Every structure is written in C-alpha cells, then in structure tokens.
Amino acid sequence: MAGRRSLGRRFGWLWGAYAVSTAGTWLAFDAFALIAVLALGAGPTQVSLLAAVGPAVGAAVSVPLGPWVEIRRKRPVMIAADLVRCVMLLSIPVAFTAGRLGFGQLLLVSVAVAAADITFNAAAGAFLKDLLPRRDLLVANGRFEATTWTASMVGPPLGGAAIGLFGPVTTVVADAVSYLLSAIGIRAVGDTEKHPARPRPAVPRAGELLDGWRHILADPALRPLFLNSLLVNSLIMAASPPLLVLMVDDLHFAPWQYALAFAVPCTGGLLGSRLAPRLVARHGLHRVLLTAGVLRACWPIGLAFTGPGVPGLALIVLVEFGLITCCGVFNPVLATHRLDRTPGDRVTRTLAAWSATGKATTAVTTALWGVLAARTGPRTAIALAGALLLATPLLLPRREHTTGAGSEPAPVTVHSDDG
C-alpha cells in the first residue's frame, strides 16, 4: 500500500509555516469585532465599518506591491510580510494593556494586516510554482486547502473559549506568535531562489500596476473563473452576518449551536480537498471545475428556509456541508489551474490583483447586504444572495482551453493519501 506522497523537505517547512499561521488566523477569527464590542463598546455600525473598511483599504494599498514583489525574490518578501503582521498585531495587546487602545488603531491594524495578507499570498503562489514541479501543484494545493478547513473547524471554538478565560486580546497574541513561527518556518525552507532575470525599476511604472488584471481578463479560461469567484465568494460572505442575526436573534439558537453549525460542516472541506486530485485524474480538470463550480452555487439558497430547533440546525449543517465539500474540491483545482496558466514572471501581480479585487468586492457586497438585511430582514437578504448564486455558473468556462502556449495541463499522479 502506498504511503503519503512526499513533496520534499522544503515543501514540508512551507506547509508547516502555512499550517501554524492558518491556525493562528482561525483561532483569532472575529477577534477585532469582539475587541471592538467587549473592550471599546462599539456598536453595530462600527463593527460593520471594521469588517468592511480594513480589507477594502488593505486591498487598495496592496495594488502597487504586486509589481514591486514581482522583481524580487519571494522568500524574503514572505518573511517580511509575516513579521509585519506579527508586529502590527502585537501593538493591540500592548495598547490594551496600557489603556490606550482605540477604534482607530483597530482600523489601522486591520488595513495593514489585509495588505500584508495579499502580499504574502501573491509571493507564496510564485514561490510554490518555483518550488515544485507542475505535476505536484494540485497535491500541494489540496494539502493547503485541507489545512485551512481543519483550522476553520477547530480554531473558532478554541478561540472563543480562550477569550472567555483570558480576555479579549488573547487570540490576537496567539495570532501574532503564529506569524513569527511562520517566518521562522519559511526561513528554514532554504535559500535556493533565483534572482529575477531582468531587473526593473525599483518603483513600478503606472502601467505595471494593471498587468495582473490584464493577464486575467485576456485569458479565456481565467477571465470567467475570476468573475465567477468574485461573485460566489462575495455573495457567500455577504450572507453570513444576516444568517448570524437570523439564527441568534430571530430563531434564538444558542451561541454554541451557532458555532456547531459551522464547525461540523468543515469536515466537508477536508473531504473535498482529498478528493480533488483523484477527481481530476479520473475526469479531467475542466470537468471537475465546471461540476464543482455549479454544485457549490446550488446549496446556499437552502439557508433561507432555516427554521427553529433541531430541524433548523440540521438543515444548516447539511447545506453548509454540501457547500464546503464542493468548495473543498473547487478551490485547490482553481489555484492549480491559475498557476498553470500564468507565466512565472507574472504570477505575483496576477495573484495580487485577484486577491485584492476579491477582498474589495467582498467588503462592498457585505456592507450592501447589511443595509439590505436591516431594511428587509435577514431571511430576505439570505434568500436574495442564494438566488443570485444560482446564476453564477453561467460565468464558468463552457469549454476546455489549452494551458499556456498550447501545452497540455500537468499530469496528476494519485497516491492513496494525497491531499
């Protein structure tokens, strides 16, 4: 029987760094909102502002960083982004302890962390493409996806317990330490990166800021996937606050029931990420992307029919499990396909453009859905998001496109423990 497929010591360090920082992120899930409410007495408007403005401004700040990172070695950039996140997050418990923490500081840290997130992820995609051969990229992305869903399943309940026992800034400290450990792990990967072949000006030209979007919109396969992802992710996230209000305020679910409704379905993400390489090997990348992309849009409309008691809780768990399983298949396949279709000298700008647009779109849509829920009720807002999601498969590519300049997609080798 074949064992777990090894992708090498260097990938092991990279995966470990990703795992520890992802665990910290999910442990501190909604930490800023909780600090704003518990420590600063913020109201709903300020909490919504914190949730929307930080990622949106961070996305705008990160735009010029894409071309800048493209001409530099990616490993030092990743380490620097981790250290920036660590320092900025640590400023919150320091200010809290000194009695000087304010809402403005929370906003500033949220912006800085969002910009560093986008910069790190863009550099990491280029680094991964250089680190592994094409045939291993889907397996690697599947492992990252499985790690994310594991952390999202375990982290928020543990974080909530930690805040209850030790105070509102506890998980922020843990998150900051996780980025420090991530930086140490990335440093341990080793320095074998090549310097960029063609030096460019230290300050990117105005036209270079748009290169990532130009590549995405000019590519016949990436363009529809980009538009589809923007709409699907933003609509799913926009429906989350109204669903929280529906469950906790209208239907009187206990907080532990709300946490359970979203922790248990995350097992679907583990299942989907493990199935992804096998499904691609059997059915082909395009068919898997199309099928999983269609199926993930069909589930959220069911949340509008949530009722009280055990049946309502069971419905939420079932809908979320189906949605997350489809996302667990779709996400690593998309990430691999995106890397495969992007030239090595444009990966960072492309990923930065994709991520920045996604964060900004989600922030704006979430704010709009908050207004909609306030005027029409949370159930109507959830139903509208679900109905619009049913139309998003129309944006998926209908036919398969060759990879790059007429090359075939990289082969996927399946082992008994891939993912």
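Residues numbered from 1 in each chain as written. Predicted model: local features only at pLDDT ≥ 70, side-chain atom pairs only at ≥ 80, totals over all residues. Heavy atoms only, no water.

1. A look at the overall build of the protein chain
Part 1 of the argument: In terms of helices and strands, the protein chain carries 17 helices and 0 strands.
Part 2 of the argument: For the protein chain, buried positions account for 49% of its 419 residues.
Part 3 of the argument: A fraction of 87% describes how many contacts in the protein chain between residues 6 or more apart in sequence connect residues 24 or more apart.
Part 4 of the argument: For the protein chain, the computed accessible surface area is about 18400 Å², with 69% contributed by carbon and sulfur atoms. (Helix = DSSP H or I, 4+ residues; strand = E, 2+ residues; numbered from the N terminus. Buried < 20%, exposed > 50% of the residue type's maximum accessible area, 1.4 Å probe, protein only. Contact = heavy atoms within 4.5 Å. Areas by Shrake-Rupley, 256 points an atom, 1.4 Å probe, with all protein chains shown as cover.)

2. Quick notes on the packing of aromatic side chains
Part 1 of the argument: Summed over the entire model, instances satisfying the criterion amount to 5 aromatic pairs.
Part 2 of the argument: Here the aromatic rings of Tyr18 and Phe144 are separated by 4.8 Å at their centres, their planes lie at 50°, and the arrangement is tilted. Note that Tyr18 is positioned in helix 1 (residues 9-27) and Phe144 in helix 7 (residues 137-166), a separation of 126 residues in sequence.
Part 3 of the argument: Take Tyr18: its relative accessible area is 26%, and that puts it in the partly exposed class.
Part 4 of the argument: For Phe144, a relative accessible area of 12% corresponds to the buried category. (Phe/Tyr/Trp six-rings, centres within 6.5 Å; stacked < 30°, edge-to-face > 60°.)

3. A closer look at the environment of Gly344
Part 1 of the argument: Looking at the element boundaries, Gly344 is found in the loop between helix 15 (309-340) and helix 16 (347-376).
Part 2 of the argument: Sequence separation between Gly344 and Gly125 is 219 residues, and the spatial gap between their C-alpha atoms is 10.0 Å.
Part 3 of the argument: Apart from residues lying up to four places away in sequence, Gly344 is in contact with Glu70 and Lys129.

4. What to know about unusual backbone geometry
Part 1 of the argument: In this structure, His252 takes a positive phi of about 60° despite not being glycine.
Part 2 of the argument: Locating His252 in the fold gives a position in the loop between helix 11 (240-250) and helix 12 (255-263).

5. Some words on the environment of Ser178
Part 1 of the argument: On the secondary structure map, Ser178 appears in helix 8 (residues 170-188).
Part 2 of the argument: Considered as a pair, Ser178 and Ser21 are 157 residues apart in the sequence and their alpha carbons are 4.8 Å apart.
Part 3 of the argument: The residues contacting Ser178, other than those within four sequence positions of it, are Val20, Ser21 and Gly24.
Part 4 of the argument: Among the polar contacts made by the side chain of Ser178, one reaches the main-chain carbonyl oxygen of Asp175 at a distance of 2.6 Å. (Polar contact = N/O pair within 3.5 Å; in protein donor to acceptor, adjacent residues only side chain to side chain.)

6. Considering the side chain of Thr306
Part 1 of the argument: By the element assignment, Thr306 lies in the loop between helix 14 (285-298) and helix 15.
Part 2 of the argument: Among the polar contacts listed, one links the side chain of Thr306 to the backbone oxygen of Leu303, at a separation of 2.7 Å.
Part 3 of the argument: In contact with Thr306, other than residues within four places in its own chain, are Leu246, Leu251, Gly312, Leu315, Ile316 and Arg379.

7. Digging into the pattern of salt bridges
Part 1 of the argument: Across all of its chains, the model carries 6 salt bridges by this definition.
Part 2 of the argument: With a closest N to O distance of 2.7 Å, Arg85 and Asp82 form a salt bridge. With Arg85 and Asp82 both in helix 5 (residues 74-97) and 3 residues apart, the pair spans about one turn of that helix.
Part 3 of the argument: Looking at Arg85, the relative accessible area reads 5%, which means it is buried. (Salt bridge = Lys/Arg side-chain N within 4 Å of Asp/Glu carboxyl O.)

8. What about a nonpolar patch on the surface?
Part 1 of the argument: Among the surface-exposed residues, Leu83, Leu90, Val173, Val177, Leu180, Leu181 and Ile184 lie close enough to one another that they form a single nonpolar patch of about 530 Å² accessible area.
Part 2 of the argument: Contributing elements (two or more residues each) for the nonpolar patch: helix 5 and helix 8.
Part 3 of the argument: The leading source of residues in the nonpolar patch is helix 8, at 5 residues.
Part 4 of the argument: Looking at where Leu180 falls in the secondary structure, it is placed in helix 8.
Part 5 of the argument: Leu180 gets classed as partly exposed once you look at its relative accessible area, which sits at 38%. (Patch = residues over 30% accessible without salt bridge, like charges linked within 9 Å, V, L, I, M, F, W, Y side chains within 5 Å.)

9. With respect to helix 9 (residues 211-218)
Every α-helix winds through 3.6 residues per turn, so residues three or four apart in the chain are directed the same way.
Part 1 of the argument: Residues of helix 9 that are buried: Asp211, Gly212, His215 and Ile216. Down the axis, helix 9 shows its buried residues gathered within 135° of arc, on one side only.
Part 2 of the argument: Contacts from the buried residues of helix 9 go to helix 10 (222-238) and helix 16. (Arc of directions from axis to C-beta.)

10. Quick look at the packing of helix 16 against helix 17 (residues 378-389)
Part 1 of the argument: Interhelical geometry of helix 16 versus helix 17 gives an angle of 130° and a closest axis separation of 6 Å. As far as their axial angle goes, helix 17 and helix 16 are oblique. The segment helix 16 lies against helix 17, with Trp369, Leu372, Ala373 and Thr376 engaging Pro378, Thr380, Ala381, Leu384, Ala385 and Leu388.
Part 2 of the argument: The class makeup of the residues in the contact of helix 16 with helix 17 is 8 nonpolar, 2 polar and no charged. (Axes fitted to C-alpha atoms, helices over the stretch in contact; angles between N-to-C directions. Parallel < 35°, antiparallel > 145°, perpendicular 65-115°, else oblique. Nonpolar A, V, L, I, M, F, W, Y, C, P; charged D, E, K, R; others polar.)

11. Structural notes on the packing of helix 7 against helix 15
Part 1 of the argument: Axis separation between helix 7 and helix 15 bottoms out at 9 Å; the angle between their running directions is 140°. Taken as axis vectors, helix 7 and helix 15 run oblique relative to one another. The handedness of the crossing between helix 7 and helix 15 is right-handed. Contacts from Leu137, Leu138, Asn141, Gly142, Glu145 and Trp149 of helix 7 reach helix 15 at Ile324, Cys327, Gly328, Asn331, Pro332, Val333, Ala335, Thr336 and Leu339.
Part 2 of the argument: Tallied by class, the residues present in the contact of helix 7 with helix 15 amount to 9 nonpolar, 5 polar and 1 charged. (Left-handed = near helix turned anticlockwise from the far one by under 90°.)

12. So, helix 13 (residues 267-283)
Part 1 of the argument: Taking 1.5 Å per residue, 17 residues should reach 24 Å; helix 13 reaches 23 Å between its end C-alpha atoms and fits that length.
Part 2 of the argument: At Ala276, helix 13 shows its largest bend, some 35°, and a proline, Pro277, comes one to four positions later.
Part 3 of the argument: Burial in helix 13 covers these residues: Gly268, Gly269, Gly272, Ser273, Ala276, Pro277 and Val280.
Part 4 of the argument: Looking at the buried positions of helix 13, the neighbouring elements they touch are helix 7, helix 14 and helix 15.
Part 5 of the argument: Directly after helix 13, the chain includes Gly284, whose backbone phi takes a positive value near 95°. (Expected span 1.5 Å × (residues − 1). Bend = angle between axes of the 7 residues up to and from the residue.)

13. Some remarks on the confidence of the model for the protein chain
Part 1 of the argument: Overall, the prediction assigns the protein chain a mean pLDDT of 85, with 89% of residues at 70 or greater.
Part 2 of the argument: Ignoring residues within four places in sequence, the model shows residues 404-419, a span with pLDDT below 50, making 50 contacts including any to other chains. (pLDDT = per-residue confidence, 0-100.)

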